Amino acid sequence: MGNMILLEPVFKEVLWGGSKLNTVFGYDIPSDHTGEGWVISAHKSGDCRIAAGEYKGHTLSWLWDSHRELFGNLPGEVFPLLVKIIDAKDHLSIQVHPDDAYAAANENGSLGKTECWYVLDCEPDSTIVVGHNAKTKEELKQMIDDRRWMDLIKIRPLHKGDFFQINPGTVHAIRGGSLILEIQQSSDITYRLYDYDRLQNGQPRELHLAKSIDVITCPYEEQSQEHETVDGEGFQAEKMVKCPFYSVTKVHVTKKVSFEQDQPFLMLSIIDGEGTIDGTAVKKGMNLILPCGYGTYTVEGDVEFMVSGVN
């Protein structure tokens, strides 16, 4: 049912952003402080337009509202997932996200924000923040009161190809020099713990300490990183994560291969190379949705892409 849905990104200018969305992905970005491309999104803060076909010019949220059959008639008020490419020229704030229950109660019924990161590239010696060292809420509050940020956070080395699942309640921060594909619940709720005392338009950015302390999981629980890899004829598929909100698989195709789309919908983000999908030319930076009932899709070329969808 239906053709593939190609999407146009929405860009976000931020004080920590850079120009790699142009130099690496070829996007026409608004400035050299562009930190995010929302490449598959129906969120009201960045609603992608459909780039071609019978629904060209309409937004993804319109398609979700008007043609739910394309998404397997899934329940829910909003399209559930959001895909971003993040260019962190400088450090992002140290932050945490709420789960569905907390966001529903405290953020006007919003979804919570479970997310995952795939590191597309990073500078040598890059690092990332995932997790914290406080054993209890009391210790957490004390470390925050004492501004002992570097004692609190877990800083890890970062490499191209790394993958992180960031559950709600996890202290985290993408740091400067990294280019990251993020797949997440469709939510824009972020609680800032610490922002390096930076100023934006002469003012520090808002912090959310009380809500952060509410939602941070103590102690931090390390996520296991077991990836199942399937080597097929002409392709390799690495299952990165399956959680209650999404599953993500990285696929590298080196010749003509056919796959089955048997989900309510599948999102494909081309992260390297070029080729065709069912005869449509695709290259790095293209993002598309294969709707419900699409059936078999055939990929040709030397192309690497992330496939994600709901569970």
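For the structure, check the block above.
Quick summary incoming for the structure in this document. (Residues numbered from 1 in each chain as written. Predicted model: local features only at pLDDT ≥ 70, side-chain atom pairs only at ≥ 80, totals over all residues. Heavy atoms only, no water.)

**Observations regarding the overall build of the chain**
Inference 1: In terms of helices and strands, the chain carries six helices and 25 strands.
Inference 2: Relative to a compact globule of 311 residues, whose C-alpha radius of gyration would be 19 Å, the chain shows 19 Å and is just as compact.
Inference 3: Considered along the principal axes of its C-alpha atoms, the chain spans approximately 60 × 40 × 40 Å.
Inference 4: Residue burial in the chain is summarised as follows: out of 311 residues, 51% are buried.
Inference 5: For the chain, contacts bridging at least 24 residues in sequence account for 71% of all contacts bridging at least 6.
Inference 6: When the accessible surface of the chain is split by element, carbon and sulfur atoms take 46% of a total near 13,900 Å².
Inference 7: Positive and negative charge centroids in the chain, built from 29 and 46 side chains respectively, lie 3 Å apart. (Helix = DSSP H or I, 4+ residues; strand = E, 2+ residues; numbered from the N terminus. Rg over C-alpha atoms; globule rule 2.2 N^0.38 Å. Buried < 20%, exposed > 50% of the residue type's maximum accessible area, 1.4 Å probe, protein only. Contact = heavy atoms within 4.5 Å. Areas by Shrake-Rupley, 256 points an atom, 1.4 Å probe, with all protein chains shown as cover. Lys, Arg positive; Asp, Glu negative; His and termini not counted. Charge placed at Lys NZ, Arg CZ, Asp CG, Glu CD.)

**Comments concerning the sheet that holds strand S3 (residues 34-40)**
Inference 1: Strand order in the open sheet formed by six strands is S2-S3-S7-S14-S9-S12, and the pairing between neighbours is antiparallel. Strands with a single pairing partner mark the edges of an open sheet, and in this sheet they are strand S2 (10-18) and strand S12 (163-166). On average, each strand axis in the sheet is tilted by 25° relative to the strand beside it, whichever way the strands run.
Inference 2: Inspection of the sheet shows S3 paired to strand S7 (residues 81-88) by four bridges, in the antiparallel sense. The residue bridging Glu36 from the neighbouring strand is Ile86, located in S7. (Pairing = 2+ DSSP bridges. Axes fitted to C-alpha atoms, helices over the stretch in contact; angles between N-to-C directions.)

**Some thoughts on the environment of Phe25**
Inference 1: Here Phe25 is to be found in the loop between helix H1 (20-23) and S3.
Inference 2: Assessed through its relative accessible area of 7%, Phe25 is described here as buried.
Inference 3: Along the primary structure Phe25 and Asp272 are separated by 247 residues, whereas in three dimensions their C-alpha atoms are 9.3 Å apart.
Inference 4: Not counting residues within four places of it along the chain, the set of residues in contact with Phe25 comprises Lys20, Ile85, Leu120, Leu179, Ile270, Lys284 and Gly285.

**Section: the environment of Asp302**
Inference 1: In this structure, Asp302 sits in strand S25 (residues 295-309).
Inference 2: A C-alpha to C-alpha distance of 11 Å links Asp302 and Val257, two positions 45 residues apart in sequence.
Inference 3: When residues no more than four places from it in sequence are discounted, the contact partners of Asp302 are His252, Val253, Thr254, Asp272, Gly273 and Glu274.
Inference 4: Among the polar contacts made by the side chain of Asp302, one reaches the side chain of His252 at a distance of 2.8 Å. (Polar contact = N/O pair within 3.5 Å; in protein donor to acceptor, adjacent residues only side chain to side chain.)

**Describing the nonpolar core**
Inference 1: With 40 residues, the main nonpolar core has Phe79 and Ile289 as its most contacted residues.
Inference 2: When contributions to this core are tallied by element, the ones reaching two or more residues are strand S1 (5-8), S3, helix H2 (60-66), S7, strand S9 (115-122), strand S14 (178-185), strand S19 (235-242) and strand S22 (265-277).
Inference 3: Residue contacts for Ile289: discarding those within four places in its chain leaves Met4, Ile5, Leu7, Ile40, Leu60, Phe71, Phe79, Phe265, Leu266 and Met267. (Core = buried A, V, L, I, M, F, W, Y, C linked by side-chain atoms within 4.5 Å.)

**Thoughts on the side chain of Ser61**
Inference 1: Within the element layout of this structure, Ser61 appears in helix H2.
Inference 2: One polar contact links Ser61 to Asp47, side chain to side chain, over a distance of 2.4 Å.
Inference 3: In this structure the side chain of Ser61 is engaged in a polar contact, spanning 3.2 Å, whose partner is the side chain of Thr59.
Inference 4: Not counting chain neighbours up to four residues away, the residues in contact with Ser61 comprise Ala42 and Asp47.

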